[in-house]
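Overview (structure and organization)
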Amino acid sequence: MRTLVRLAAGLAKLLAGLVLALLVFGAGTWFQARGALPPYAGRFEAKGLKAPVEILRDSHAVPHIIAGSVEDAAFGLGFVHAQDRFWQMELMRRLGQGRLSEILPPAIVGSGIVETDRTMRGLGVYRAASDSVGALSPAIRSILDAYAAGVNAWLADDDQQYGLELTLIKLLTGGRYKPEPWQPADSMVWAKLMALQLDGNWRGELLRLRLAKKIGEDATKFLMDRPSESRDATLALANEALNGLDLDRLYRETDNEATRKREASNEWALSGAHSVSGKPLLANDPHLGLAFPGTWYLARLVGPGFDIRGATSPGSPGVVLGHNGSIGWGFTTTNLDSQDLFIERIDTTDPSRYVTPDGARPFTVRDETISVLWGEPVRLKVRSTRHGVVIDDFVRKPEQYSASGHVLALQATALDGGDTSLEGLLRISQAQNWNDFLNAARKVLSPMQNVVYADTAGNIGLVAPARVPIRRKGDGSIPSPGWTGEYDWAGFVPFDDLPRTYNPPSGIIVNANARLVPDDYRYFITNDWAEPYRQRRANQLLREVERHPVFGMTIIQGDILTPDAADMLPLLLKPEPRNARATRVRELMGRWNRFMLARRPEPLIYEAWLWELQRGLLADRLGDELFFDMTAPRVTLLMRILRDKPDWCDNPKTPAAETCDDAIAAALDRALDWIARRQGNDIDAWQWGIEHPAAHRHPFFDAIPLLRDVASVRFPFDGGGHTLNRATPSFRGPRPFEAVHGAGYRGVYDFSDLDNSRFAIPLGQSGNMLSRWSTSFVDNWRALRYVEIAGTRAEVVRSAVGVITLSPAR
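How each quantity is defined
- Residues numbered from 1 in each chain as written.
- Predicted model: local features only at pLDDT ≥ 70, side-chain atom pairs only at ≥ 80, totals over all residues.
- Heavy atoms only, no water.
- Helix = DSSP H or I, 4+ residues; strand = E, 2+ residues; numbered from the N terminus.
- Rg over C-alpha atoms; globule rule 2.2 N^0.38 Å.
- Areas by Shrake-Rupley, 256 points an atom, 1.4 Å probe, with all protein chains shown as cover.
- Lys, Arg positive; Asp, Glu negative; His and termini not counted.
- Charge placed at Lys NZ, Arg CZ, Asp CG, Glu CD.
- Buried < 20%, exposed > 50% of the residue type's maximum accessible area, 1.4 Å probe, protein only.
- Pairing = 2+ DSSP bridges.
- Core = buried A, V, L, I, M, F, W, Y, C linked by side-chain atoms within 4.5 Å.
- Contact = heavy atoms within 4.5 Å.
- Axes fitted to C-alpha atoms, helices over the stretch in contact; angles between N-to-C directions.
- Expected span 1.5 Å × (residues − 1).
- Salt bridge = Lys/Arg side-chain N within 4 Å of Asp/Glu carboxyl O.
- pLDDT = per-residue confidence, 0-100.
- Disulfide = S-S within 2.5 Å.
- Parallel < 35°, antiparallel > 145°, perpendicular 65-115°, else oblique.
- Left-handed = near helix turned anticlockwise from the far one by under 90°.
- Polar contact = N/O pair within 3.5 Å; in protein donor to acceptor, adjacent residues only side chain to side chain.

Here the focus is the overall build of the protein. In terms of regular secondary structure, the protein is built from 26 helices and 30 strands. Relative to the 2.2 N^0.38 estimate, which gives 28 Å for 810 residues, the radius of gyration of the protein is 27 Å and therefore close to what a compact globule would have. For the protein, the exposed surface amounts to about 30700 Å²; the carbon and sulfur share of it is 52%. In the protein, which carries 94 positive and 96 negative side-chain charges, the distance between the mean positions of the two groups comes to 2 Å.

Structure representation (C-alpha cells):
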C-alpha cells in the first residue's frame with residue numbers, strides 16, 4: 001500500500017513538473033516576443049525626482065548613478081534595481097509579508113509555501129517593518145520614499161513585463177497578478193529578514209529540546225557545546241512543560257529561507273604599517289546562501305558631497321558594503337543570541353490569560369488570513385504575550401488551543417517595531433570619519449555585525465553594534481520559564497560597552513565569525529561562535545608578509561587550504577588500513593597538502609569520510625529526522641567524540657562491540673563506495689569539483705529537470721566549509737556536496753587610491769536569465785578577477801553599455 005501511495009505521489013509530482021514546464025515554455029515564448037529585457041539607454045520622465053538623474057552602465061553593466069542629491073541617487077538606485085532584479089525584490093517582500101501562497105500554488109510548489117507564510121505572518125515580520133518606518137528620522141525616511149518612487153517609476157508602465165518568473169505568475173493567476181507599488185516598509189522588511197537569519201538562534205533552542213527528548217540531557221549538552229549552569233536548571237523543566245507540543249513538527253514547519261540560521265563571512269583591515277602603499281587596506285567577503293540571482297548588486301552613487309561605491313542589495317535603498325571616498329567598511333556576523341523562547345504558563349482558570357509575576361494577563365490576539373492560489377484560505381489566530389508572539393500557534397488551528405498547560409513565546413530584537421538598523425546602515429555609508437561612523441553605528445539594533453572600518457587618514461577600527469540583551473538569569477540557550485520573571489531581559493548592553501577596537505597596536509584586525517571578545521568580557525553575547533579555522537588561517541597569512549599589496553588581499557580571499565584537516569587527518573589516518581583500497585587512500589591522503597582543489601580526489605575523499613563518520617556516530621543515536629538537522633560534519637564535535645565518548649563509536653545495531661578505529665574504517669569504506677558509484681573505481685580520476693559545484697539555484701526552476709540547467713548556474717568550485725574561499729556543501733539530498741553557502745561579494749579597498757579598489761560578485765547584475773548580464777561575472781569570479789568601479793563621467797561613458805536619463809515629470 002505504501003508503495004502505491006509513493007508511486008501516486010511521484011506521478012503527481014512529475015505531472016505537476018510537466019505542467020509547470022509547459023507553462024514556463026509558453027511564458028518564455030510570450031516574454032521573449034514582448035522584448036522584456038529592460039532598456040539600458042533612453043530618456044524617461046518620472047514622478048518624485050527633484051532634478052534630472054543620469055545612469056551610466058559601465059562595461060560590466062554596473063550603474064554609475066549621477067544625481068544632484070542623495071534622495072535622487074536613491075531614486076535612481078530603485079529604478080535600476082527594479083529594471084534588473086524586480087522579481088527577486090517581489091519574492092523578498094512577499095516572503096516578509098507572508099504572502100507567497102497568493103502567487104505560488106501549493107499544488108505545484110508544495111505545501112511548504114503555506115507553512116512559510118504561516119510562520120512569517122505569525123512572526124509579524126511585515127508589521128514590525130511597517131512600524132519601524134515610523135522610527136526613522138525625516139532625512140532617512142526621505143531616502144526610503146525616494147527609493148520607492150524610483151522602483152515605482154519603473155513599474156508604472158502598464159505594458160511592462162517584469163521577467164520570465166513574474167510572467168509565469170501572471171499566467172498561473174489567470175492574468176490577475178500585477179505588482180503592487182513599492183512601499184518604504186518593503187525596504188524595511190529586507191533588514192528584518194537579514195536580522196532573522198543572521199541572529200537567528202531560536203530554532204536552535206527548539207533543536208536542543210528535541211535532542212534532549214531523544215537522547216537525554218547529558219548527551220544533548222555534549223553535542224551542543226559548553227553547557228552553562230542555567231541550562232541545567234531549565235532543560236528538564238522545559239521538556240516537562242512542553243510535553244504535549246510536537247516539537248519536531250514545529251521545528252520542521254518553521255524552517256524556511258528567512259528563519260534558517262546563516263553565518264560565516266571574512267573581513268580584515270590592515271594599517272599602513274602592513275601595506276605596500278603605507279595606507280590601510282580593507283577586505284570583506286560576506287557569506288550567505290548561493291542563489292540565482294545573487295544577494296548583491298554592484299552600484300555607484302555620485303553627487304555633490306558623496307561618491308559611494310560597492311554592494312547594494314535589491315530592495316534596500318543604499319550601498320550596504322563598500323567605501324565612500326573617505327571611509328570604507330565591511331561586515332561579518334557575530335552570531336548574537338538575541339532571540340529567546342519563553343515558556344508561558346496558561347491560567348488554569350481562564351485559558352485566554354497567561355501567568356506573569358504580577359498576576360494573570362490576557363493574551364493579545366490577532367487574526368490572519370492567508371490567501372492560497374488554487375486553494376482555500378488558511379486562517380490563523382496568533383496570540384502574543386509580554387515577551388512576544390506564541391510560536392506554537394503557527395502550527396495549530398484555533399480550535400486546537402490548549403485550555404491549560406504551556407505555550408512558547410518568542411522575544412527577538414529582530415521583531416522590534418522601533419528598529420532603526422536600516423538608518424544606521426545608510427548613515428554609515430555617509431560617514432566621513434571614525435566619530436561619524438560610531439554615531440551611525442549607534443542606530444544599528446539588529447542583526448549584530450562586526451563592522452570593520454578604515455579611512456583615508458590612516459585609521460582602522462571595528463565595532464559590533466546591536467541591542468544585546470542583558471538577562472536576569474541564564475544565557476537564553478534553552479527555553480526558560482516566562483511566568484516567574486527571573487529569566488527576563490533586564491535591559492541592553494550600553495553602546496559604549498559593546499566590543500570595539502581602534503588603531504590596535506598590531507595594526508591588524510581580523511574576524512571570520514569566531515570569538516570576538518575575551519573570556520572575561522562582562523556581558524554574554526553568544527555560545528554559537530563559529531569554529532576558529534578561517535580566522536586562524538587569515539591571521540596566519542596576513543602575518544606571513546610584512547607589507548601587502550592590493551592583489552595580496554584578493555589572493556587571501558581566494559585561499560583554499562582547509563585548516564581543520566591538520567587536526568582531523570591524523571585521527572582519520574591513525575587506524576591501520578584494512579584492505580588494499582584503504583591502503584591506497586591512506587598513502588594518498590598522507591601526502592595531501594590540504595588544498596581543496598576541484599580537480600583533485602583528496603578533498604572529495606576527506607569530506608565524504610567526515611560525512612560518513614558523523615553519520616555512523618550519530619544517525620542511529622538520533623534517528624532520521626533529528627540527524628537530518630545535524631547532518632553537516634562538525635570537526636570539533638567529531639574530535640570530541642573520538643577523544644571523550646569512545647562508547648559512541650559502538651554501533652548498537654550489531655552484536656560486536658566496535659571501537660573508534662572500527663568506526664573510522666567503516667566510514668572510509670562507505671565513503672569510497674559512495675564515490676565509486678558516482679565516479680568509477682579509478683581513485684586518481686576522482687574530482688572534488690564534480691560533486692562540489694557552486695550551486696546558484698533558481699528558486700522556481702531548479703527542481704524541474706528540464707529547466708534546471710537553463711535557470712540555475714552551477715560550476716565546479718574549489719574550497720570547502722573551512723576555507724577562506726568558502727563553499728559549504730549542503731550535506732543533504734542526492735547531491736550532498738553541492739556548495740550552497742559561500743561568498744556572494746568580495747571587496748578590497750585601497751585607501752592610498754580608492755579608485756584602485758576591487759569588487760566582485762559571482763554571477764552578474766541582471767536577474768533575467770535571458771540577459772547576457774545575468775552571468776557575465778562567472779569566469780572572472782572563478783579566476784579571482786575583480787572589477788574597478790571608478791572613473792570620471794567622460795571615462796565611464798566611453799565604454800558604457802547604455803545611458804539612461806531620468807527627468808522630473810512635467
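Turning to the pairing of strand S4 (residues 265-270), a few remarks are in order. Burial runs high along S4: six of the six residues are buried. Judged by which residues are buried, S4 turns out to be covered on both faces: Ser265, Glu267 and Ala269 on one side and Asn266, Trp268 and Leu270 on the other are all buried. Both S4 and strand S23 (residues 508-511) contribute to a ladder of four bridges, which runs antiparallel. Among the inter-strand pairings, Trp268 is bridged to a residue of S23, identified as Val510.

Residues Phe86, Ile391, Phe437, Met568, Ile605 and Tyr606 are the most contacted members of the largest nonpolar core, which totals 238 residues. Per element, the largest residue contribution to this core is 13 residues, and it comes from helix H2 (residues 70-97). Residues contacting Tyr606, with those up to four places away along its chain left out, are Asp564, Ala565, Met568, Leu569, Leu572, Met589, Trp592 and Val635. Formed by five residues, the second largest nonpolar core is a distinct cluster that contains Tyr354, Phe363, Val390 and Val407.

Spatial ordering of the open sheet is given by S1-S30-S2-S3-S6-S7-S8-S9-S17-S18-S22, a layout of 11 strands whose pairing is mixed. A single partner strand is all that each edge strand has here, and the edge strands are strand S1 (42-46) and strand S22 (500-502). Direction aside, the axes of adjacent strands within the sheet are offset by 25° on average. The pairing of strand S2 (residues 53-57) with strand S30 (residues 802-808) spans five bridges and is classified as antiparallel. Each residue of the ladder has a partner; that of Leu56, found in S30, is Val803. Taken strand by strand, helix H14 (residues 434-441) contacts strand S9 (327-333), strand S17 (449-455), strand S18 (460-463) and S22, and its axis lies near 10° from that of S18.

Moving on, we get to the pairing of strand S3 (residues 63-66). Every other side chain in a regular strand lies on the same face of the sheet, so the side chains alternate between the two faces. Sheet topology places S2 next to S3; four bridges connect them, and they run antiparallel. When the sheet's bridge partners are listed, Glu54 is paired in S3 with Ile66. If you look at the hairpin formed by S2 and S3, you'll find five residues sitting between the two strands, and Ala61 has a positive phi there, around 70°. Two elements, S3 and strand S6 (residues 297-303), share three bridges in a ladder whose sense is parallel. Bridged to His64 within S6 is Arg300.

Moving on, we come to unusual backbone geometry. Backbone torsion omega between Phe292 and Pro293 reads -10°, so that peptide bond is classified as cis. A cis amide bond links Ser446 with the next residue in sequence, Pro447, at an omega value of 0°. On the secondary structure map, Pro447 appears in the loop between H14 and S17. In this structure, Trp374 is a non-glycine residue whose phi angle is positive, near 65°. Note on placement: Trp374 falls in the loop between strand S13 (364-370) and strand S14 (378-384).

Right, let's talk about helix H4 (residues 112-123) for a bit. With 12 residues, H4 extends 16 Å between its outermost C-alpha atoms, agreeing within 8% with the 16 Å of an ideal straight helix rising 1.5 Å per residue. Along H4, 10 of the 12 residues are buried, which leaves the element largely enclosed by surrounding structure. When H4 is considered as a whole, its buried residues turn out to be Ile113, Val114, Thr116, Asp117, Arg118, Thr119, Met120, Arg121, Gly122 and Leu123.

The next subject is the pattern of salt bridges. By the definition in use, this model includes 55 salt bridges. With its nearest N and O atoms 2.6 Å apart, the salt bridge here joins Arg210 to Asp248. Of the two residues, Arg210 sits in helix H9 (residues 202-215) while Asp248 sits in helix H12 (residues 247-253), which places them 38 residues apart along the sequence. Since its relative accessible area comes to 28%, Asp248 is described here as partly exposed.

This next bit is on the confidence of the model for the protein. Per-residue confidence for the protein gives a mean pLDDT of 91, with 92% of residues at or over 70. The model gives residues 1-12 a pLDDT under 50, and that stretch makes zero contacts with residues more than four places away or in other chains. Confidence drops under pLDDT 50 across residues 226-233; counting only partners more than four residues distant or on other chains, this segment forms 17 contacts.

What follows deals with the state of the cysteines. Inspection of the entire model under this criterion finds one disulfide. The disulfide bridge from Cys649 ends at Cys660, spanning 2.0 Å between sulfur atoms. Here the disulfide of Cys649 and Cys660 is right-handed, its torsion about the S-S bond being about 85°. Taken together, the positions of Cys649 in the loop between helix H21 (635-644) and helix H22 (660-679) and Cys660 in helix H22 put the pair 11 residues apart, joining distant regions of the chain. Since its relative accessible area comes to 5%, Cys649 is described here as buried. Under the relative-accessibility criterion, Cys660 is labelled buried at 13%.

At their nearest, the axes of H2 and helix H6 (residues 138-155) sit 7 Å apart, and the two run at 50° to each other. On the basis of the axis angle, H2 is oblique to H6. Read as a crossing pair, H2 and H6 show a hand that is right-handed. Taking contact as the criterion, the partners of Val70, Glu71, Ala74, Phe75, Leu77, Gly78, Phe79, His81, Ala82, Gln83, Phe86 and Met89 in H2 are, on H6, Ala139, Ser142, Ile143, Ala146, Tyr147, Ala149, Gly150, Val151, Ala153, Trp154 and Leu155.

Residue position: His722 is located in the loop between strand S25 (713-716) and strand S26 (727-729). A polar atom in the side chain of His722 sits 3.3 Å from the side chain of Glu531. Residue contacts for His722: discarding those within four places in its chain leaves Glu531, Tyr533, Arg534, Leu561, Thr562, Pro563, Asp564 and Val635.

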